[in-house]
Protein chains: 2
Amino acid sequence: MNTRSGKKSSASNSKPETTTSTTKNSTNKKVKANEEHDIEALQDVANRLRILSMKMTNASNSGHPTSCASMAEFLSVMFFDKSGMRIKSDNPKSFVADRLVLSKGHTAPILYAAWGIAGLYTEEQLMTLRKFDSDLEGHPTPRLPFVDVATGSLGQGLGVACGMAYTSKYHDSLNNRFWCILGDGECAEGSVWEAAHFAGIYKLDNLIAVVDVNRLGQSEATSLGHNTNVYKKRFEAFGWNALVVDGHDIEALIKAFNECKHKANQPSIIIAKTLKGKGLPNIEDQENWHGKPVGNKIDDLIKHLEEQLVDKNRKLTTIPPENAEEITLHSDAIKLPELSYKKGQQVATRFAYGDALKRLGGVDTYRRICSLDGDTKNSTYALTFKNAFPDRFVECYIAEQNLVSVSIGLSARNKIPFASTFGAFFSRAYDHIRMAGVSKVNIKLVGSHSGVSIGEDGPSQMALEDFAMFRAIPDAVVLYPSDAVSCERAVELATNHHGIVYIRTSRPATEVVYDNHEEFHLGQSKVHGKTDSDKILIIGGGITFESAMKAQKTLAAEGIHARVMDIFSIKPIDRDGIINNAKECNNTILTVEDHYIEGGIHEAVCNAVASLGSIKVHAIAVDSVPRSGTPEDLLNHYKLTAPHVVEKVKSILQ
Amino acid sequence: MNTRSGKKSSASNSKPETTTSTTKNSTNKKVKANEEHDIEALQDVANRLRILSMKMTNASNSGHPTSCASMAEFLSVMFFDKSGMRIKSDNPKSFVADRLVLSKGHTAPILYAAWGIAGLYTEEQLMTLRKFDSDLEGHPTPRLPFVDVATGSLGQGLGVACGMAYTSKYHDSLNNRFWCILGDGECAEGSVWEAAHFAGIYKLDNLIAVVDVNRLGQSEATSLGHNTNVYKKRFEAFGWNALVVDGHDIEALIKAFNECKHKANQPSIIIAKTLKGKGLPNIEDQENWHGKPVGNKIDDLIKHLEEQLVDKNRKLTTIPPENAEEITLHSDAIKLPELSYKKGQQVATRFAYGDALKRLGGVDTYRRICSLDGDTKNSTYALTFKNAFPDRFVECYIAEQNLVSVSIGLSARNKIPFASTFGAFFSRAYDHIRMAGVSKVNIKLVGSHSGVSIGEDGPSQMALEDFAMFRAIPDAVVLYPSDAVSCERAVELATNHHGIVYIRTSRPATEVVYDNHEEFHLGQSKVHGKTDSDKILIIGGGITFESAMKAQKTLAAEGIHARVMDIFSIKPIDRDGIINNAKECNNTILTVEDHYIEGGIHEAVCNAVASLGSIKVHAIAVDSVPRSGTPEDLLNHYKLTAPHVVEKVKSILQ
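Worth saying up front: this structure is predicted, and the values here are computed from it rather than measured. (Residues numbered from 1 in each chain as written. Chains lettered and ligands numbered in written order. Predicted model: local features only at pLDDT ≥ 70, side-chain atom pairs only at ≥ 80, totals over all residues. Heavy atoms only, no water.)

**Focus on the interface of chain A and chain B**
Of the residues lining the interface, 106 residues belong to chain A; the matching set on chain B comes to 107 residues. At the boundary of chain A with chain B, total buried surface from both sides reaches about 8,500 Å², with 50% on carbon and sulfur atoms. Its largest share of buried area at the contact with chain B, chain A owes to A:Phe132, A:Arg428 and A:Arg627, together 10% of the area lost on that side. Between chain A and chain B we count 16 salt bridges in total. Across the pair B:Arg428 and A:Asp431 runs a salt bridge, and its minimum N-O distance is 2.8 Å. For the pair chain A and chain B, the interface holds 69 residue pairs in polar contact (both at pLDDT 80 or more). For the side of chain A that touches chain B, the leading source of residues is helix α17 (residues 430-439) of chain A, giving seven residues. Split by residue class, the side of chain A that touches chain B holds 35 nonpolar, 39 polar and 32 charged. (Contact = heavy atoms within 4.5 Å. Buried area = accessible area lost by both parts, 1.4 Å probe. Salt bridge = Lys/Arg side-chain N within 4 Å of Asp/Glu carboxyl O. Polar contact = N/O pair within 3.5 Å; in protein donor to acceptor, adjacent residues only side chain to side chain. Helix = DSSP H or I, 4+ residues; strand = E, 2+ residues; numbered from the N terminus. Nonpolar A, V, L, I, M, F, W, Y, C, P; charged D, E, K, R; others polar.)

If you want it as structure tokens, here you go:
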């Protein structure tokens, strides 16, 4: 049974004169409200959603009931009318159904309430909102089967929806739709416009967004208030089909959704003019009601809303997708098929990255690996993958927040996205990466042009805080290959590890030091030149591993034995390896890194040995904002070259 | 002498029929090209700029001559025609002159060349581009007197220009203008649209931007190519006066700049349709010429351009501002005028922040302190300042990148901006903060709602990586007050320290433990409950300092003496204090923090003591992505409460 059964009531608030009229822009099909859409029942659901949102936030004594109230009508239509979403109430994780991203994540209660009315939760379960042992968190997370990505940091949902819509349309050729609900306040976030641009240029007509223009932000009115036409103009300028609708008029919403569904070659957005706290007397459209439960007003408010219900007991159901069969989601291991480098060769790890990804792509039976770029592909060598597999390459242009968001969207669709740009520019997307950590998604971020070794371009282009950033993401893996062989293994490990992986590559060529058959593991470093009389353990990575190896030779010639560790896996860190080797090396470590000392290799190592209180850890690192210069000048200035390492070791051992 | 002296040549390429026509939209004043504007000389300058850009990038064997070439005409007009900028060639740091932000920072060579032609540099000096001992870096930095802010991470310049324009117009009532040059590729960055929105709603008619639509990005054509009308529509939708102009037509540019200057109540933007590599045969408008010096083609290219010069030796000068008198820039210390708290009071540090800023604002003779908000002012207590000084408050709405950019702009205009939002949301602006570090600007960022102690809102709202972020900015100061008194001192210290300062405040109330007369210093922690028999040093901050103090009491009752350190200054860190106290405490430290372990207090402390190899450092920190729950549930789950500290101390001392 669904809303099409069309129970009617004489106390209708429908407007037959508009709903039976022909829609103008798209379908040319008559929308007969009273026959095909149960307007009254949808309005009842809207008010029941309001009641539940108030009850839930009262139960948790926190939350945003007024921001929920403005959404009630369009959420009701999206969930329970055939103009809305095609979802499976008995399989909220369905891959072939429509998917919804609630970008204004603080209105989680009404989303949970809608799934409750759809049958997923009892009212009692809904009342566990925001409790420590409940998955019904204050903002949605993918702990819940109907949530693909955590939201709550505003402005991030649309980009994720773009990624999902893109891959479903262009990679998977599915006909499901992707929906996104945004707040009006969050439209001030630039990330919204990065996503809007992406959706426009890629003509994502399987993407339908709604902006809840309820006029009021957290601390005051939004800058655009109810100027819905400005939103319309903006989205149109970004290539969207944009419709302004009274967000509390169910029939108008039905008509608008139908128009959106029939619009080809353009993403669609409904600019819903609404009132914050709609339906709640003395709260509706008032300031100072953001993020506040209604408290002891609740009984009166519920009474007021219940009086408007036409049929308390009417049950609506969600509308399932037409093709309801689920498809198999593969997760087979993907193994590097061949071996390519010779010891002694000079190869930049950024080059090895592109080559490894291409070769993995060649044996990726289920075409899960995708490469995403921020207009740096000729520098990062993502171009190598693109040239081989243009259909699995996504150009995201110079919009790093959206680059990460689209990757998260692909991950939610069972792809293995590798997004690459200069390591420094991932700092642009740090909030998105932080939220990816909350979502526990499966994305791979590859940052090239790390450290001062890039030279003349200067500090704006140098990643010097990337380890600090990525290490502070729980469960993220951070890899730093020093040569081409370890780099291709890093790419292979990243492919087959479910989670966030960051790989740092370098611009200059470094010597291939590993045999192609060398095995690499997460959390395992590599030791070089071990003797029984080692006096110090030098830990390097990337370009500084090479300095350490050269320093080792020089020192050995002078009778000073130094053991070198190629750190490779910065997180998880090889704690046992570091401690055991340090113990064999006079309890003395020197870390050498082309990164600021804060949050980088040095502090990772310090952290690993800290509780022992018996191992000295010294450091060479970048200790100020660099400037332009040749790589040699800069490496020399920051004492990252072999002669400086030699000098430092001697001074430590004195 | 300036260009208005109007030397003429018979071989004119001017178009009198257009330039003598009346401008349509604004001035109604005839633009007589041959009388008032020296078109030929401006064209000569444009080609000389091209030649210099090629020579400079050849000399450094790196750089972006083709991205410079597309800008040559409009830069020539901006520098040397009266329709352009009003600047002082003899005082490139002038505060009252117009200021230019080169958002497409990779075209630094042509900017330096323009200042060279203006008289600031010899050709020999220009050829030091990108050398280690030259201030003419690959991307501009404020080492140079005409640069207010470092650029090179694309999309950041417009927001800074907005901040400068806003404060000059609304705070300083100056009539100078702020100019910004953007690339077309960078218009994909969301931060551009955050800035565009800001400029539109605040009607910054003293802001003139130019987009260099040269069609070609780094690795391929931009997504919009030469569709200049799309750019126009977008900026218009964001509230701008937008003009599409042939960017190589000097007369059209003059006319357009004049129109912009006379447009009231709107920021203006010129969408300049240009060709990358313009004027360089076989390079112009070709792909694969991004970021490449012309190499051995240079002689032919210079010959080609020189042949077009009408008068090699003609000297143009810049046009000075009409009111050329500089104003005094004050930097007097601002001291907290009164003392407010009583020991034992329960006050949230976020509240104390707002109150301290208000009281400092009251004695800020030169009105330098400004407060900036991202629609969270009722949570961060920036509202307290706004209520007292609405004219020094800037609402930036939910656009944290722009919040930081506008702050940077204010800093460049000698203000002391305090930008506040939830600490977590500064991650949205990490690239901007990174670039603020490169610029070494004077901004104060105050992040509230830190850690799991915020409770029910869940992980999306919790700052748990903010220390990791800010510590990795060179020279940044990171303060973490534990009570209201130390918080107001933190705000006072931040006000009077020139540089980037981050202050972390907490949501819950904490007990006032310091006397109002207690002195606080950067790099100084505070020790509590010192005895001669202390067995461990417990280091906490904010909410965990309170846990440590309670644990100290419990432990003391059981005969275990623990010394507590309130870290307060996380960067610079009190290295001597930590080491000396640790030595007196059995060489044993326990850090307790409401932050991830990576990059936070623990690693800062480990780093401080690492080279000794004699101090054990143990940790309690947040070790996974949290979830919603009460503050108590969460603090308990992550073992941040006093009983857990007690338990941990006992297990360490066993």
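Still more to cover.
**Some details on the sheet that holds strand β1 (residues 99-102) of chain A**
Residues and elements named next belong to chain A. If you walk across this open sheet you meet the five strands as β1-β2-β3-β5-β4, and the pairing is parallel. Strand pairing shows two members of the sheet lacking a second neighbour, β1 and β4 (241-246), which therefore form its edges. Each adjacent strand pair in this sheet contributes to an overall mean axis angle of 20°, direction not counted. Across six bridges, the pairing between β4 and strand β5 (residues 268-273) is parallel. Within β5, the position partnered with Val-245 by the bridge is Ala-272. Contacts from helix α10 (residues 228-237) reach β3 (207-213), β4 and β5 within the one sheet, and its direction differs from that of β5 by about 170°. (Pairing = 2+ DSSP bridges. Axes fitted to C-alpha atoms, helices over the stretch in contact; angles between N-to-C directions.)

**Details of the UniProt feature "domain: Transketolase-like pyrimidine-binding" (unreviewed entry) in chain A**
If you check UniProt for "domain: Transketolase-like pyrimidine-binding" (unreviewed entry), the listed places come out as residues 347-512 of chain A in our numbering. The span residues 347-512 of chain A carries 40% helix and 20% strand; its end-to-end C-alpha distance comes to 7 Å. (UniProt positions renumbered as here; feature names shortened; annotations may be inferred.)

**Notes on the pattern of salt bridges**
Residues and elements named next belong to chain A. This structure, assessed with the given rule, holds 79 salt bridges over all chains. For the salt bridge of Arg-314 with Asp-38, the shortest nitrogen-to-oxygen distance reads 2.7 Å. Pair noted here: Arg-314 is in the loop between α12 (298-306) and β6 (346-348) and Asp-38 is in the loop between α2 (33-36) and α3 (39-60), with a separation of 276 residues, a long-range link. For Asp-38, a relative accessible area of 4% puts it in the buried group. (Buried < 20%, exposed > 50% of the residue type's maximum accessible area, 1.4 Å probe, protein only.)

**A few points about the relation of the copies chain A and chain B**
After a rotation of 180° and a shift along the axis of 0.0 Å, chain A superposes on chain B with an RMSD of 0.0 Å. Put plainly, the chains are arranged around a two-fold axis. Within chain A, the C-alpha atom positioned nearest to the axis of rotation is that of A:Gly190, 1.8 Å from it. With an isologous cut-off of 70% or more, the 100% of interface residues of chain A that recur at the interface of chain B puts this contact in the isologous class. (Least-squares fit on C-alpha atoms with pLDDT ≥ 70 in both.)

**Quick word on the packing of helix α8 (residues 157-171) of chain A against helix α9 (residues 190-201) of chain A**
Residues and elements named next belong to chain A. Packing of α8 against α9 leaves a shortest axis separation of 8 Å and a crossing angle of 20°. Put simply, α8 runs roughly parallel to α9. The chirality of how α8 crosses α9 is left-handed. Contact residues: Leu-158, Gly-159, Cys-162 and Tyr-166 in α8; Val-192, Ala-195, Ala-196, Phe-198 and Ala-199 in α9. (Parallel < 35°, antiparallel > 145°, perpendicular 65-115°, else oblique. Left-handed = near helix turned anticlockwise from the far one by under 90°.)

**Description of the packing of α3(A) against helix α6 (residues 108-117) of chain A**
Residues and elements named next belong to chain A. Put simply, α3 and α6 touch, their axes get as near as 9 Å, and they point 120° apart. As the angle between them shows, α3 and α6 are arranged oblique. Considering how the two elements wind past one another, α3 and α6 form a crossing that is right-handed. Residues Val-45, Arg-48, Leu-49, Leu-52, Ser-53, Met-56 and Thr-57 of α3 form the contact with α6, whose own contacting residues are Pro-109, Ile-110, Tyr-112, Ala-113, Ala-114 and Ile-117. Here the contact of α3 with α6 is composed, by residue class, of ten nonpolar, two polar and one charged.

**A closer look at the packing of aromatic side chains**
How two aromatic rings sit relative to each other is set out by the distance from centre to centre and by the angle between their planes. Inspection of the entire model under this criterion finds 50 aromatic pairs over all chains. An angle of 80° between the planes, with centres 6.1 Å apart, marks the rings of A:Phe426 and A:Phe470 as edge-to-face. One end of the pair, A:Phe426, is in the loop between β9 (416-422) and α17; the other, A:Phe470, is in helix α18 (residues 466-471), with 44 residues separating them in the sequence. Exposure remark for A:Phe426: the relative accessible area of 0% places this residue in the buried category. Through successive ring pairs, a cluster of aromatic residues spans A:Trp193, A:Phe235, A:Phe238, A:Trp240, B:Trp193, B:Phe235, B:Phe238 and B:Trp240. The lysine or arginine in question, A:Arg413, covers the ring of A:Phe95, its NZ or CZ lying 3.7 Å from the ring centre. (Phe/Tyr/Trp six-rings, centres within 6.5 Å; stacked < 30°, edge-to-face > 60°. Lys NZ or Arg CZ within 6 Å of the ring centre and 35° of its normal.)

**Here's the deal with the domain arrangement of chain A**
By domain assignment, chain A separates into domain 1 (39-307), domain 2 (345-512) and domain 3 (526-653). When each unit is reduced to the centre of its C-alpha atoms, the spacing between domain 1 of chain A and domain 3 of chain A is 52 Å. (Domains from an automatic or database assignment.)

**Digging into the pairing of β9(A)**
Residues and elements named next belong to chain A. Within β9, seven of the seven residues are buried, which leaves it mostly tucked inside the rest of the structure. Across five bridges, strand β7 (residues 369-373) lies against β9 in parallel orientation. Within β9, the residue paired with Ser-371 across the bridge is Phe-418. Both β9 and strand β10 (residues 444-448) contribute to a ladder of five bridges, which runs parallel. Of the residues in β10, the one forming a bridge with Phe-422 is Ser-448. Regarding topology, α17 serves as the crossover connection from β9 to the parallel β10, and that connection is right-handed. (Right-handed = clockwise from strand over helix to strand, strands pointing away.)

**A look at the environment of B:Ile454**
On the secondary structure map, B:Ile454 appears in the loop between β10 (444-448) and α18 (466-471). Each C-alpha atom of the pair B:Ile454 and B:Gly629 lies 9.1 Å from the other, and the pair is 175 residues apart in sequence.

**Considerations on the environment of B:Leu136**
All names here are of chain B. If you trace the backbone, Leu-136 turns up in the loop between α7 (123-126) and α8 (157-171). Between the C-alpha atoms of Leu-136 and Arg-215, which are 79 residues apart in sequence, the distance is 27 Å. If near-sequence neighbours (up to four positions away) are discounted, Leu-136 is found in contact with Tyr-112, Tyr-121, Gln-125, Leu-126, Thr-128, Leu-129, Arg-130 and Leu-144.

**Here's the deal with the confidence of the model for chain A**
Low pLDDT means the predicted coordinates in that region are not meant to be read closely. On average, residues of chain A score 94 in pLDDT, and 95% of them are at 70 or above. Segment residues 1-34 of chain A is flagged for pLDDT under 50; beyond a separation of four residues in sequence, or across chains, it makes 66 contacts in the model. (pLDDT = per-residue confidence, 0-100.)

**Brief notes about the sheet that holds strand β2 (residues 178-183) of chain B**
Residues and elements named next belong to chain B. With parallel pairing, five strands are arranged side by side in an open sheet as β1-β2-β3-β5-β4. Of all strands in the sheet, those with a lone pairing partner are β1 (99-102) and β4 (241-246), marking the two edges. Strand-to-strand twist of the sheet, defined as the mean angle between neighbouring strand axes without regard to direction, takes the value 20°. The sheet contacts of helix α5 (residues 72-80) involve β1, β2, β3 (207-213) and β5 (268-273), and relative to β2 the element is tilted by about 170°.

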